[in-house]
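Given next are the chains, with one letter for each unit.
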Amino acid sequence: MGNGKLLHGGDYNPEQWLKSPDILKRDLELMRKARVNLVTLGVFSWSMLEPEEGKYDLDWLGEIIDNLYAQGIMVDLATPSGAKPAWLVQKYPEVQRVGADRVRELYGNRHSHCYTSPVYREKVRAIDQALARRFRVHPGIVMWHVSNELGGECHCELCQAKFREWLKEKYATLDRLNEAWNSAFWSHIYSDWSQIESPAPHGEGAMHGLVLDWKRFVTSRTLDFYRMERDAVRELIPEAKFTVNMMYRFDGLDYAKFAPDLDIISWDDYPTWHKAGESDEDICLKSAMMHDFFYSLKGKPFWMMESSPSMTNWQPVSKVKKPGVQMLSGLNAVAHGADAVMYFQWRQSRGAVEKFHGAVVGHDGREESRVFCETAELGKALEQLAPLAGVPREREAAIVHDQESKWAMEGSQGPRNIGLGYWDEVMLHYRALQKNAVTVDFIGQDGDLSGYKLIVCPMLYMLREDFAEKLRGFVAKGGTLVLTYWSGVADETDLCRIGDTPFGLTDVLGLRRLEIDGMYEGEKRRCVSAVAGERAEAYGSVLCEVAKSETAKPILVYAEDFFKGAPAVCVNRYGRGRAYYLATRFEPDFYSGLYRGLASSLFDLPITTPLPDGVLPARRGDWLFLQNTSGRTATVMRRRLQPYGTLIVNLKTKEKLIF
Ligand code: GLA
Ligand code: ZN
């Protein structure tokens, strides 16, 4: 897809500048200087492409695409369904989404359409096909960008009817549905499908099985809408390639379900660089973790579809990137598997909600601006790094992330309703592994475990029976499993497992859960070494599970309260492998220690000596990236790294590059 190059560019919205041909001309010149080779076009152009119902004006877009192509810039062409013209909503109010409160949205916001509305589908299909018909033979179009940041849900009557259909297909009979949802609770037995309604703040919320199924339905509806758009284009261009731009830690959709239908995974990365109270290292790790997550969706290089070259305009405080951070974050994406570094947006808007959002070309239009210069520098670096295009990553360790399990766990009332901090838990494991230069994938319960030596299951609340089986086989054959508290609790419709838990794994772990205690913010429970005389100490927080060890060997035990003596960390030998169980959430140091040990015994690490503070490693194929996320110079491998600088080492040829 990269044609042997890394891609560089961003969202380009020339529809906002059609009356200024000089600016459009200048854009081309500046793009050449910034070494742009790909732009995303047309995301929000619908009202310019179809100014009146059924009357298309695609010529201006054609001219832009031709001009870009003439200078070697490829196009990621969007379907415009993310924002619609006013005439459409005025004529067909049903296209607007209805909220959980059952209020229909007025015209104004983007991303506010009903995914079911036949009129909306028809209009979207028509404009998509008009674009496909017009541009089907254009060699400059290398990708179709379907809609924009898919998300949200609609509770209109059309969607309610679809929800019921979806449920009928899933359960076939109401008896089965009532059973799966435990509907005898609060007298909920449904006697007719029409009684079932989507969740609402003033209505349903108590039936966890229903709420979970609704979330699954929203994913399937959104996917269905995506497929409708993709097929509209594909009918006319069978060889077209498709992507959708995904979002950071987005909870509204189960992205894993989309992956098989996409040619390239892409996502929009907006880290809160230089946030007060948080180190840039941690902020960088948050993006890195998502890069790894998105890489893993297909196990293939992905595109960073959007990122701000300077500031956003929607964070509580929108800070500009300090000098060098543009390079740092672009190369970080590449280190973790990106084949494209793209921005939102090319040229800063003059008016409306995004007028202060950072852009490569600011309101002054100057190429001397710091942002422009840093973008051009990154463009140059990406050209130098062309051999990385398409290079896959190692398969070493995997963290299990299952969106449905997260929904179920967070949708439940339980031991800690002030927040379970799921991503904080995941980050503790990720951070420690990543800092040891272990390549981390994220897999779901349908994932393939082959090739991994270490599998981590943080809070795998809804552990499926088939996955428990897979884990058992993995450990039996010599794999190492780390599983935490609040795993193996409920089944796929959020019914609690009957009998001993963690479900399906008590023998693998060599223990069973007795109780789980919620902890207040700041509340801690002391843990000490299980070996008398050995000095080790750690503190548990958030949730503290008490387990009874059968064959597991305790490593740490609780040292206070009536928990005293119960295992806080243990390890069990099972078959040829080992299973670690963590009964609570510890401080970062604990994970550093645990994973330093595991990483050095399981993997052939590219670095074995500790890196200076703030320097993060990442490996892609033969390339090791060492990135200085701190504002101070640092020395690594006898090379001096500027603040936010990057050293790239080819592990085979020993070639070194510094940026
Ligand atoms: C999202 C959208 C873009 C733009 C940016 C601003 O990622 O996809 O259209 O609004 O946010 O940060
Ligand atoms: Zn709807």
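Keep in mind it's a predicted model, so treat the numbers as computed, not measured. (Residues numbered from 1 in each chain as written. Chains lettered and ligands numbered in written order. Predicted model: local features only at pLDDT ≥ 70, side-chain atom pairs only at ≥ 80, totals over all residues. Heavy atoms only, no water.)

S.K.: Looking at this structure, how should I read the site of ligand 1?
M.R.: Around ligand 1, the structure places F44, R110, N148, E149, N245, D268, Y270, E306, W314, F344, E354 and H357. In the model, an oxygen atom of ligand 1 is placed 2.6 Å from a nitrogen or oxygen of the E149 side chain. In this structure, an oxygen atom belonging to ligand 1 sits 2.7 Å away from a side-chain N or O atom of W314. In isolation ligand 1 exposes 300 Å². Once the protein is present, 97% of that is buried. Here the residues of the shell around ligand 1 sort into 4 nonpolar, 3 polar and 5 charged. (Near = heavy atom within 4 Å. Polar contact = N/O pair within 3.5 Å; in protein donor to acceptor, adjacent residues only side chain to side chain. Areas by Shrake-Rupley, 256 points an atom, 1.4 Å probe, with all protein chains shown as cover. Nonpolar A, V, L, I, M, F, W, Y, C, P; charged D, E, K, R; others polar.)

S.K.: Please clarify how the sheet that holds strand β3 (residues 74-78) should be interpreted in this entry.
M.R.: Paired through backbone hydrogen bonds, the strands of a sheet run either parallel or antiparallel to each other. One open sheet holds the 9 strands; their spatial order is β5-β4-β3-β2-β1-β9-β8-β7-β6, and the pairing between them is parallel. Edge positions in the open sheet fall to β5 (242-243) and β6 (245-247), since each of these has one partner strand only. Across 4 bridges, the pairing between β3 and strand β4 (residues 141-145) is parallel. When the sheet's bridge partners are listed, D76 is paired in β4 with M143. (Pairing = 2+ DSSP bridges. Helix = DSSP H or I, 4+ residues; strand = E, 2+ residues; numbered from the N terminus.)

S.K.: Would you mind going over the sheet that holds strand β25 (residues 646-650) with me for this structure?
M.R.: Read across the open sheet, the 4 strands follow the order β21-β22-β25-β26; overall the sheet is antiparallel. A single partner strand is all that each edge strand has here, and the edge strands are β21 (615-620) and β26 (656-658). Between one strand axis and the next, the sheet turns by 15° as a mean value, whatever way the strands run. Where β25 meets β26, 3 bridges bridge the pair, whose relative direction is antiparallel. Paired with V649 across the two strands is K656, which belongs to β26. (Axes fitted to C-alpha atoms, helices over the stretch in contact; angles between N-to-C directions.)

S.K.: When you look at helix α16 (residues 588-602) in this model, what are you seeing that I'm missing?
M.R.: Side chains that are three or four residues apart share a direction in an α-helix, a result of its 3.6 residues per turn. The end-to-end C-alpha distance of α16, which contains 15 residues, comes to 21 Å, matching closely the 21 Å that a straight helix rising 1.5 Å per residue would cover. Three or more residues of α16 are buried, namely F590, Y591, L594, Y595, L598, A599 and L602. The arc enclosing the buried residues of α16, seen along the axis, measures out at 140°, which places them on a common side. Exposed residues pointing more than 90 degrees away from the buried face of α16 are listed as D589, S600 and S601. (Expected span 1.5 Å × (residues − 1). Buried < 20%, exposed > 50% of the residue type's maximum accessible area, 1.4 Å probe, protein only. Arc of directions from axis to C-beta.)

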